[in-house]
Amino acid sequence: YLVLIQLFLGNSCRFIAKPCAINLGIQDSGPHRAQPNAILEKVFTSITKSPDGKRLEGLSKQLDWDVRKIQRWFRHRRNQDKPTTLTKFCESMWRFTFYLSIFFYGIRFLWTAPWFWDTRQCWYNYPFQPLTSRLYYYYILELAFYWSLMFSQFTDIKRKDFLIMFVHHLATIGLITFSYMNNMVRVGTLVLCLHDASDFLLEAAKLANYAKYQRLCDAFFMLFGVVFIVTRLGIYPFWILNTTLFESWELIGPYPSWWLFNGLLVTLQVLHVIWSYLIIRTASKALVRGKVSKDDRSDVESSSEEEDVTSNSTKGIFSTSSNGSNRLNGHVAGGQWTGE
């Protein structure tokens, strides 16, 4: 299934996302490239990508360049390895497609499930609960997807929220695997569906931003923020954690794996609080400025020329993932989405 996910990624980018991006006028052009220089290239590849003041002074004397010019060269050199807008659009497109599809699949499946309306049903007759084919495929597809995110995180550009997203993916994979092995799939489906409810809105905001539809991007981001906070700070603790911490204890008692299972769920809740704070901070600043602000975790740095003109301008708010997320891969993002 992991191979199928990767094939889906490649084909969707090639045959669907790329033509859509081209029709929207998104060009396959990256940041300004640094001028060729053997000495600086050797320092960049073999020693450091961000030289300190002492090294900059030495290079300045060696090349007879101004220190600011050398800083500009390293900035351009770091940026030229970053993904283009077309690449980021294609990545968000396939994630949007997956998140939206799996969310509606989950809603359609759970709508007829008794534990969706009464969480106590998650623990009746436990662990002797049947595993239907629809439930099995739902679980396996989600597990394969998060494994693909885990692997791609090490091959993609390393972002500032790498550790948070790594913990998130690790906890998610651990929860999916652990709940499946212990036949806690009923409550597991509730957790999966709840987390998918806001992710496709984040990817939709990214797509709108890459296509330069700023108002649509802002609208999607605000909607994402509302759904995220309601589901992660409201429904998750009072619906999911309530049944795993209290209803399970009441109906089946403190089973040996109870502590590990709930420990992973509480870890996710801590991450939800962190991300919600970042989302609220971005949204509040967006209301003041009139649009969602630039992504603070951006991997594409501002050039020296831009800094000369806008040295007093405000910086971005924070990063996205998922990671992200978020790639990403993360859950929090700004209007320019340059980090993605």
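Residues numbered from 1 in each chain as written. Predicted model: local features only at pLDDT ≥ 70, side-chain atom pairs only at ≥ 80, totals over all residues. Heavy atoms only, no water.

1. Notes on the overall build of the protein chain
Tallying secondary structure elements over the protein chain gives 12 helices and 0 strands in all. N-terminal to C-terminal, the α/β element order of the protein chain is α-α-α-α-α-α-α-α-α-α-α-α. When each of the 340 residues of the protein chain is scored for burial, the buried share is 51%. Total accessible area computed for the protein chain in this model is approximately 16600 Å², and 63% of it derives from carbon and sulfur atoms. (Helix = DSSP H or I, 4+ residues; strand = E, 2+ residues; numbered from the N terminus. Buried < 20%, exposed > 50% of the residue type's maximum accessible area, 1.4 Å probe, protein only. Areas by Shrake-Rupley, 256 points an atom, 1.4 Å probe, with all protein chains shown as cover.)

2. With respect to the packing of aromatic side chains
Counting across every chain of the model gives 25 aromatic pairs. Considering the side-chain rings of phenylalanine 109 and tryptophan 115, the 6.3 Å spacing of their centres and the 65° angle between planes classify their relative orientation as edge-to-face. There is no split in this pair, since phenylalanine 109 and tryptophan 115 are both buried. Among the aromatic residues, ring-to-ring pairing joins Trp94, Phe98, Tyr99, Phe145 and Tyr146 into one connected group. (Phe/Tyr/Trp six-rings, centres within 6.5 Å; stacked < 30°, edge-to-face > 60°.)

3. Description of the UniProt feature "transmembrane region" (unreviewed entry) in the protein chain
As annotated by UniProt and renumbered to match this structure, "transmembrane region" (unreviewed entry) occupies residues 96-116, 136-155, 162-181, 220-239 and 259-280. Segment residues 96-116 splits into 86% helix and 0% strand. End C-alpha atoms: 25 Å apart. A helix fraction of 100% and a strand fraction of 0% characterise residues 162-181, whose end C-alpha atoms lie 28 Å from each other. (UniProt positions renumbered as here; feature names shortened; annotations may be inferred.)

4. Observations concerning the packing of helix α8 (residues 162-181) against helix α11 (residues 258-289)
Orientation of α8 relative to α11, taken along the N-to-C sense of each, is 145°, at an axis distance of 10 Å. Between α8 and α11 the crossing geometry is left-handed. Residues Ile164, Met165, Val167, His168, Ala171, Thr172, Gly174, Leu175, Phe178 and Ser179 of α8 lie in contact with α11, whose contacting residues are Leu260, Phe261, Leu264, Leu265, Thr267, Leu268, Leu271, Ile274 and Trp275. (Axes fitted to C-alpha atoms, helices over the stretch in contact; angles between N-to-C directions. Left-handed = near helix turned anticlockwise from the far one by under 90°. Contact = heavy atoms within 4.5 Å.)

5. Considerations on a nonpolar patch on the surface
Together, Leu24, Tyr213 and Leu216 line one region of the surface with nonpolar side chains, adding up to about 280 Å² of accessible area. Among the secondary structure elements, leucine 24 is positioned in the loop between α1 (2-23) and α2 (38-46). (Patch = residues over 30% accessible without salt bridge, like charges linked within 9 Å, V, L, I, M, F, W, Y side chains within 5 Å. Salt bridge = Lys/Arg side-chain N within 4 Å of Asp/Glu carboxyl O.)

6. Brief notes about the packing of helix α9 (residues 185-210) against helix α10 (residues 214-252)
Contact geometry of α9 with α10 gives a least axis separation of 8 Å together with a crossing angle of 170°. It follows from the interaxial angle that α9 and α10 lie roughly antiparallel. Taken together, the residues that form the contact of α9 with α10 break down as 22 nonpolar, 7 polar and 2 charged. (Parallel < 35°, antiparallel > 145°, perpendicular 65-115°, else oblique. Nonpolar A, V, L, I, M, F, W, Y, C, P; charged D, E, K, R; others polar.)

7. Considerations on the nonpolar core
The biggest cluster of nonpolar side chains holds 56 residues, and the ones touching the most others in it are Leu110, Trp115, Tyr236 and Phe261. Among the secondary structure elements, those contributing two or more residues to this core are α5 (85-110), α6 (114-117), α7 (133-155), α8, α9, α10 and α11. Setting aside chain neighbours within four positions, we find phenylalanine 261 in contact with Trp123, Leu175, Phe178, Ser179, Met184, Val187, Thr244 and Tyr255. In this structure, Leu59, Leu63, Trp73 and Phe74 belong to the second largest nonpolar core, which totals 10 residues. (Core = buried A, V, L, I, M, F, W, Y, C linked by side-chain atoms within 4.5 Å.)

8. Here's the deal with the side chain of glutamate 142
Structurally, glutamate 142 can be placed in helix α7. No salt bridge is formed by the buried glutamate 142; its nearest oppositely charged neighbour, arginine 232, is found at 10 Å. When neighbours within four sequence positions are excluded, glutamate 142 is seen to be in contact with Ile102, Ile176, Leu192 and Asp196. (Lys, Arg positive; Asp, Glu negative; His and termini not counted.)

9. Observations regarding empty space enclosed by the protein
Gaps left between atoms show up when a probe the size of a water molecule is rolled over them. Computed from the structure, the largest cavity encloses a volume of approximately 150 Å³. Lining the largest cavity are 15 residues, and of these Thr172, Leu175, Ile176, Val191 and Leu192 lie nearest its centre. Of all elements in the fold, only α7, α8, α9 and α11 reach the threshold of two or more residues within the lining of the largest cavity. Residues belonging to the lining of the largest cavity are distributed by class as follows: 10 nonpolar, 5 polar and no charged. (1 Å grid on protein atoms, 1.4 Å probe; cavity = no way out; pocket = protein on both sides within 12 Å on 5 of 7 lines; lining within 4 Å. Points joined across faces, edges and corners; volume = space filled by probe spheres on them.)

10. Considering the environment of asparagine 242
One can find asparagine 242 in helix α10. On the basis of relative accessible area, asparagine 242 is assigned to the partly exposed category, the value being 27%. Residues asparagine 242 and threonine 119, spaced 123 residues apart in sequence, show a C-alpha to C-alpha distance of 9.1 Å. When sequence neighbours within four positions are dropped, the list of residues in contact with asparagine 242 reads Pro237 and Glu247.

11. Section: the side chain of threonine 244
The residue threonine 244 is located in helix α10 in this model. Residues in contact with threonine 244, not counting those within four places in the same chain, are Trp123, Val187, Trp258, Phe261, Asn262 and Leu265.

12. Let's talk about unusual backbone geometry
The phi angle of most residues is negative, glycine excepted, and most peptide bonds adopt the trans form. Proline 127 follows tyrosine 126 through a cis peptide bond whose omega is 5°. For aspartate 64, which is not a glycine, the phi torsion comes out positive at approximately 60°. Positionally, aspartate 64 belongs in the loop between α3 (53-63) and α4 (67-79). The phi angle at lysine 212 is positive, at roughly 65°, despite the residue not being glycine. With respect to the element layout, lysine 212 can be found in the loop between α9 and α10.

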